[in-house]
Amino acid sequence: MAVLKVKFTKTKRDKLAQILWILNWVSVVSGIILFSLGLFLKIEIKKRNEVMAKGDINSVPNMLISVGVIACIINFLGGKICYDCSDANKFSRWKLVMLPYIVCTFCFTFCILVGALMCYTMRNELEESLYLGLRDAIKFYKDTDIPGRCFLKKTVDLLQIGFHCCGNNGFRDWFEIQWVSPRYLNMASKEVLDRLKSNVDGKFLVDGVPFSCCNPSSPRPCIQYQLTNNSAHYNYDFLTEELNIWMKGCRQALLDYYTGIMRSIGIAALLIWLFELSVLIGVRYLQTAMKNVLLLGDLECESDGWLLENSFVETAKYNINIIKNLGKANQISTVSGMNDPNINVQNTDCDKTNITTKSIPAAR
């Protein structure tokens, strides 16, 4: 029994073909939107790849870009097919192409759904990439004279200023590393030497943060050094007073930023998927209705259209049997003693020779 069978008159078939022609061109625009969203996300990730570890975070924008390009090609072809379907004579040219086209379009719409879901599932990969990348960027903050790292100080400073953040997880991350370059340390100073000697690794550690951590909205001048020393500042208690530096870590700030972008892109991709699915359903109805018209032989009569010719269970069993039987026609049995099955085939009447024998005339 056919699934969701609908009767179509010639007028309804023509209107359906015209509507689908318009919708396919709208789908071309949606493909351009998908391509643009993927390109935008890729550019945003590339802007801050210095503070991201290498990983699979580009898989989502790459997939959106690919799906967008494929959408433009498939829907352009679909528009041409639907336009020709308004004429039964032109439809005969696409009769053998439409079913493979529908299958390919179904796979393509599934890819759109996967891309939309990936926008919501890549948060963990992005968080790990940001954690590792920011950890290394902060670690090499002081290496302004080393090629390949000299840009990291500017990158981290601009990042902290732009995203109102400080450190990887928070401002205390700067307490655990030496972020001041040795060239700016006075090695003749007893205070500097004492700090270097007090550290096992010989690092110059201070309870201070770079200037880019300062909050310009604070009414108090930025307290950049000795953040945990109450006696070093007048009327100051670091435990009770709100510090005038950014409290949020840059990893969380960037994660919130990219999560917001990917959530918006995911919603847009889901809407495009629903739209593409509705167009696909319409093309399927048009294909089955036109196919049945040709079978009936009367181009003006009513015809049935459906999504599936049989039930879901029967269709699934039929497709599974096709997959199981793939390649069996060309297999040669390896059982010992069994010859080629094409050798011992019974001859048909076409192989019989109908030669009449000539009789020898009897002597008179």
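Looking at an unreviewed UniProt entry, one finds the protein chain named RDS2 protein and attributed to Pheucticus melanocephalus. UniProt, in the comment section headed Sequence similarities (unreviewed entry), describes the protein chain in these words: "Belongs to the PRPH2/ROM1 family."

Turning to the side chain of E44, a few remarks are in order. Relative to the assigned elements, E44 resides in helix α1 (residues 10–47). Overall, E44 belongs to the buried group, its relative accessible area being 5%. In this structure the side chain of E44 is engaged in a polar contact, spanning 3.0 Å, whose partner is the side chain of K47. In terms of polar contacts, E44 uses its side chain to reach the side chain of Y257, at 2.6 Å. Setting aside its immediate chain neighbours within four residues, E44 contacts Y257, Y258 and I261.

The next subject is the nonpolar core. Within the largest apolar cluster, 79 residues are counted, with the highest numbers of intra-cluster contacts made by L126, W174 and V209. The dominant element in this core, judged by the number of residues it contributes, is helix α7 (residues 250–296), at 18 residues. With near-sequence residues (within four places) excluded, W174 lies in contact with I138, Y141, V156, Q160, C166, G167, W179, V206, G208, V209, P210 and C213.

Bringing a nonpolar patch on the surface into the picture now. On the surface, W21, I22, W25, V26, F76 and Y83 cluster together to form a nonpolar patch covering roughly 620 Å² of accessible area. For the nonpolar patch, the secondary-structure elements that each account for two or more residues are α1 and α2 (59–84). Residue position: Y83 is located in helix α2.

For the structure shown, the criterion picks out 3 disulfides. Disulfide pairing is shown between C165 and C250; the S-S distance is 2.1 Å. Disulfide C165 to C250: torsion about the S-S bond roughly 85°, handedness right-handed. Of this pair, C165 sits in the loop between α5 (152–163) and α6 (190–198) while C250 is found in helix α7, placing the two residues 85 residues apart along the sequence. For C165, a relative accessible area of 0% gives the class buried. Here C250 falls in the buried class, since its relative accessible area comes to 2%. Put simply, C166 and C213 are joined by a disulfide, and their sulfur atoms are 2.1 Å apart. Across the S-S bond linking C166 and C213, the dihedral sits near 85°, which makes this disulfide right-handed. Of this pair, C166 sits in the loop between α5 and α6 while C213 is found in the loop between α6 and α7, placing the two residues 47 residues apart along the sequence. With a relative accessible area of 0%, C166 lands in the buried category.

Under the definition given, this model contains 11 salt bridges. A salt bridge links K10 to D14; the shortest N-O distance between them is 3.0 Å. With K10 and D14 both in helix α1, this residue pair falls 4 residues apart, about one helical turn. Taking the shortest distance from any N to any O, the salt bridge between E127 and R251 comes out at 2.8 Å.

Remark: the centre distance and the inter-plane angle together describe each pair of aromatic rings, the angle taken between the planes. One pass over the full model with this rule turns up 8 aromatic pairs. On the basis of an interplanar angle of 75° and a centroid distance of 5.9 Å, the ring pair of F171 and F175 is categorised as edge-to-face. Accessibility assignment for this pair places F171 and F175 in one class, buried. Judged by centre distance (6.1 Å) and plane angle (75°), the ring pair of W174 and W179 falls under edge-to-face. Comparing W174 with W179, the two get one shared label, buried. Taken together through their ring pairs, the aromatic side chains of Y141, W174, W179 and Y225 make up a single cluster. The positively charged end of R149 is found above the aromatic ring belonging to F140, 3.8 Å away from the centroid.

The end-to-end C-alpha separation of helix α4 (residues 123–139) is 24 Å, in line with the 24 Å expected for 17 residues at 1.5 Å each. Of the positions making up α4, those classed as buried are L126, S129, L130, G133, L134, A137 and I138. The buried residues of α4 occupy one face: seen down the axis, they fall within an arc of 145°. Projecting away from the buried face of α4 at angles above 90 degrees are the exposed residues N124 and E128. Considering only its buried residues, α4 is in contact with α5 and α7.

The subject of this paragraph is the environment of C104. The topology assignment puts C104 in helix α3 (residues 88–121). Sequence separation between C104 and I74 is 30 residues; the distance between their C-alpha atoms is 8.7 Å.

This part covers unusual backbone geometry. Of note in this structure, H164 is not a glycine but carries a positive phi near 55°. Along the chain, the position of H164 falls in the loop between α5 and α6. When its relative accessible area of 43% is taken as the criterion, H164 is described as partly exposed.

What counts and how
Residues numbered from 1 in each chain as written. Predicted model: local features only at pLDDT ≥ 70, side-chain atom pairs only at ≥ 80, totals over all residues. Heavy atoms only, no water. UniProt positions renumbered as here; feature names shortened; annotations may be inferred. Helix = DSSP H or I, 4+ residues; strand = E, 2+ residues; numbered from the N terminus. Buried < 20%, exposed > 50% of the residue type's maximum accessible area, 1.4 Å probe, protein only. Polar contact = N/O pair within 3.5 Å; in protein donor to acceptor, adjacent residues only side chain to side chain. Contact = heavy atoms within 4.5 Å. Core = buried A, V, L, I, M, F, W, Y, C linked by side-chain atoms within 4.5 Å. Patch = residues over 30% accessible without salt bridge, like charges linked within 9 Å, V, L, I, M, F, W, Y side chains within 5 Å. Areas by Shrake-Rupley, 256 points an atom, 1.4 Å probe, with all protein chains shown as cover. Salt bridge = Lys/Arg side-chain N within 4 Å of Asp/Glu carboxyl O. Disulfide = S-S within 2.5 Å. Phe/Tyr/Trp six-rings, centres within 6.5 Å; stacked < 30°, edge-to-face > 60°. Lys NZ or Arg CZ within 6 Å of the ring centre and 35° of its normal. Expected span 1.5 Å × (residues − 1). Arc of directions from axis to C-beta.

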